[in-house]
Amino acid sequence: MSKIAKIGGINLFILIAYTLYIHFNALGTEKAMDQMASMAFVVSIHVFLNFIISIVNFARNKEKLGQAYLVSAGIVLIVGFSACLGGFKF
C-alpha cells in the first residue's frame, strides 16, 4: 500500500469518526447552525494540522510523506466541507 493511500485512509477514518460524533450529538435538536460551525472548526483544524505536517516533511526532505499529507489535506478539505454543509438543514 502506498504512503498516500495509507495516510489518506487514516485521515478519512478520523474525519468520519468526528463527523459521526458531531452529527449524532446534534440528532433530534434544532442546532443545525451549531453543528455546521462545529464541523467547520474541526475540519479547519484537521486540514491545518495536515498542512503543517506536510511542510515539516518537505523540510526534512521526505517528499513522499509531504506529498501524502498535502493530498490528504485537500481530500479532508473537500470531504469535510461537504459533510459540514450536509448537516445543515435549509
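In this report, we go over the structure that sits alongside the text. (Residues numbered from 1 in each chain as written. Predicted model: local features only at pLDDT ≥ 70, side-chain atom pairs only at ≥ 80, totals over all residues. Heavy atoms only, no water.)

Turning our attention to the packing of helix H1 (residues 3-25) against helix H2 (residues 32-59). Here H1 crosses H2 at 160°, and the two axes come no closer than 10 Å. Considered as vectors, H1 and H2 are oriented roughly antiparallel to each other. Note on packing geometry: the crossing formed by H1 with H2 is right-handed. Within the contact between the two elements, H1 uses Asn-11, Ile-14, Leu-15, Tyr-18, Thr-19, Ile-22 and His-23 and H2 uses Gln-35, Ser-38, Met-39, Val-42, Val-43, His-46 and Asn-50. A per-class count over the contact of H1 with H2 returns 7 nonpolar, 7 polar and no charged. (Axes fitted to C-alpha atoms, helices over the stretch in contact; angles between N-to-C directions. Helix = DSSP H or I, 4+ residues; strand = E, 2+ residues; numbered from the N terminus. Parallel < 35°, antiparallel > 145°, perpendicular 65-115°, else oblique. Left-handed = near helix turned anticlockwise from the far one by under 90°. Contact = heavy atoms within 4.5 Å. Nonpolar A, V, L, I, M, F, W, Y, C, P; charged D, E, K, R; others polar.)

Okay, unusual backbone geometry next. Most of the time, phi is negative for any residue but glycine, and the peptide bond is trans. Of note, Asn-61 is a non-glycine position whose phi angle comes to about 65°, a positive value. Position of Asn-61 relative to the elements: it lies in the loop between H2 and helix H3 (63-86). Residue class for Asn-61 comes out exposed when judged on its relative accessible area of 65%. (Buried < 20%, exposed > 50% of the residue type's maximum accessible area, 1.4 Å probe, protein only.)

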